[in-house]
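Breakdown of the fold
Here's the letter readout for the chains.
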Amino acid sequence: MKCRKCDQKAVINMRQHKLALCQAHFLEWVPAQVQRFIEKYNMFTHDDRLLVAVSGGKDSLSLWEILWRLGYQADGLYIGLGIDGGIAYSQESKRLTEAFAAERGLYLHVVSVPEEYHETIPEMADRTRRGRGKPCSVCGMTKRHIMNRVGREGGYAALLTGHNLDDEAAALFGNTLNWLGGYLYRQGPVLEANRPGLVRKVKPLCRLYEREMAAYAMLRGIEYIYDECPYAKGSKSIYYKELLNQLEADRPGAKLQFYLSFLQAKENGIFAPQADPDAENLHPCPTCGQPTSAPGECAFCRMILQTA
Ligand code: Q46
Ligand code: ZN
Ligand code: ZN
């Protein structure tokens, strides 16, 4: 198969776009797409200081690489979770992220959960009720807390994450199966800071397929951690991704269509804003200053302070 734009051999055939491209044209196409989405969804401009959450995986490192290539001012944030899983997951992902930043002269914030909170994420999950044998809930809350803190302290205009189309379509599928109105209303390429003290969140890769991002990272020679977090195994989101991939195999473009028609429906106003029942109890947490509606400390600080 030949590249649509030249005579070279195509390295990727994107049936969902009816587009086959050679290596050089594909490596141009991905950043151009990202730039298009940044503008389309009014994500940020070249004047903004940005913070990219990087895990050492292909999506977040490729996102950072693309922003750097497009001339944006983007610092990185790596959060060390203290997860080993027999593959030195945290150690290896940190090494790759630091090497990536050093090679390009980019600034990387590193926050180590075990150093700062004297416990790894799995230990925290074992100690607290929130864990219930699986650390993902504790992990998600901790990451959100740290991302928001570093975003606020650094005065960044936005926090960027590497969620791709497969991630977003799987989240949308889960939210739809359960008709989670509040989540559906807020899901999208841009999550405005709806409470004082929260940082704005954006997802510049939300329209790029996971397969496109994997090809980009590989063809660009970005060294990333291949293994997923060992705790991701058996998760609902992986199951939803498999289901959506079956649909995609029969109907190329179905995944993108699912996500885009959702965004269109939202724009047409089919989801109403949900009343925020917590709004009137909102106050800054006395320990960390982030907004919370819980009486006293926020859920994160309570988890840290909770003793066995
Ligand atoms: S939540 Fe769970 Fe992830 Fe944390 S413990 Fe691993 S799988 S990293 S996105
Ligand atoms: Zn070409
Ligand atoms: Zn707090």
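Structural notes, computed from the coordinates. (Residues numbered from 1 in each chain as written. Chains lettered and ligands numbered in written order. Predicted model: local features only at pLDDT ≥ 70, side-chain atom pairs only at ≥ 80, totals over all residues. Heavy atoms only, no water.)

A few words on the site of ligand 1. For ligand 1, the full set of nearby residues is L81, I83, C136, C139, K143, C229, Y231 and A232. Class assignment of the residues belonging to the shell around ligand 1 gives a composition of 7 nonpolar, no polar and 1 charged. (Near = heavy atom within 4 Å. Nonpolar A, V, L, I, M, F, W, Y, C, P; charged D, E, K, R; others polar.)

The next thing to look at is the layout of surface pockets. Empty space within the second largest pocket amounts to approximately 200 Å³. As for the second largest pocket, its lining consists of N13, R15, Q16, D166, Y209, R211, N245, E248, A249, P252 and K255. The leading source of residues in the lining of the second largest pocket is helix 10 (residues 236–250), at 3 residues. When its residues are assigned to classes, the lining of the second largest pocket shows 3 nonpolar, 3 polar and 5 charged. (1 Å grid on protein atoms, 1.4 Å probe; cavity = no way out; pocket = protein on both sides within 12 Å on 5 of 7 lines; lining within 4 Å. Points joined across faces, edges and corners; volume = space filled by probe spheres on them. Helix = DSSP H or I, 4+ residues; strand = E, 2+ residues; numbered from the N terminus.)

The 6 strands are arranged 5-4-3-6-8-7 in an open sheet whose pairing can be described as mixed. Sheet topology places strand 5 (108–112) and strand 7 (190–191) at the edges, where each strand pairs with a single neighbour. Where strand 6 (residues 158–160) and strand 8 (residues 201–202) come together, 2 bridges link them in parallel fashion. Bridge assignment links L159 to a residue of strand 8, and that residue is K201. Strands strand 3 (49–53), strand 4 (73–80), strand 5 and strand 6 of the sheet are contacted by helix 2 (residues 58–69), whose axis makes an angle of about 160° with strand 3. Together, strand 3, strand 4, strand 5, strand 6 and strand 8 form the strand contacts of helix 6 (residues 136–153), whose direction differs from that of strand 4 by roughly 145°. (Pairing = 2+ DSSP bridges. Contact = heavy atoms within 4.5 Å. Axes fitted to C-alpha atoms, helices over the stretch in contact; angles between N-to-C directions.)

Time to look at the coordination of the zinc ion (ligand 2). Six octahedral donors around a metal ideally make angles of 90 or 180 degrees; four tetrahedral donors ideally make 109.5 degrees. Each protein donor to the zinc ion (ligand 2) is listed here as C3 (SG), C6 (SG), C22 (SG) and H25 (ND1); together their distances run 2.1 to 2.3 Å. Metal-centred angles of 101 to 114° between the 4 donor atoms at the zinc ion (ligand 2) mark the site as tetrahedral. Site description for the zinc ion (ligand 2): donor spacing in sequence, C-x2-C-x15-C-x2-H. Pair noted here: C3 is in the segment before strand 1 (12–14) and C22 is in the loop between strand 2 (19–21) and helix 1 (23–40), with a separation of 19 residues, a long-range link. Since its relative accessible area comes to 5%, C3 is described here as buried. For C22, a relative accessible area of 4% puts it in the buried group. (Donors = N, O, S within 2.8 Å, 3.2 Å for Na, K, Ca; no water. Tetrahedral: all angles 85-135°; square planar, octahedral: opposite > 155°, others 65-115°. Buried < 20%, exposed > 50% of the residue type's maximum accessible area, 1.4 Å probe, protein only.)

Attention now goes to the packing of aromatic side chains. We describe a pair of aromatic rings using the distance from one ring centre to the other and the angle between the two ring planes. Following the criterion strictly, the structure yields 10 aromatic pairs and no others. Between F44 and Y72 the ring centres are 5.1 Å apart and the planes differ by 90°, which places this aromatic pair in the edge-to-face class. Taken together, the residues F44 in the loop between helix 1 and strand 3 and Y72 in the loop between helix 2 and strand 4 connect sequence positions 28 residues apart. An identical accessibility class is assigned to F44 and Y72; each is buried. Ring centres of Y117 and F300 lie 5.4 Å apart, and the angle between their planes is 85°; this geometry places the pair in the edge-to-face category. Of this pair, Y117 sits in helix 4 (residues 113–117) while F300 sits in helix 12 (residues 299–305), placing them 183 residues apart in sequence. Each member of the pair, Y117 as well as F300, is classed as buried. Every member of this aromatic cluster is reached through a ring pair, and the members are F173, Y239, Y240 and F258. The aromatic ring of Y156 is capped on one face by R49, whose charged end is 4.4 Å from the ring centroid. The ring centre of F100 lies 3.9 Å from the NZ or CZ of R104, which sits over that ring. (Phe/Tyr/Trp six-rings, centres within 6.5 Å; stacked < 30°, edge-to-face > 60°. Lys NZ or Arg CZ within 6 Å of the ring centre and 35° of its normal.)

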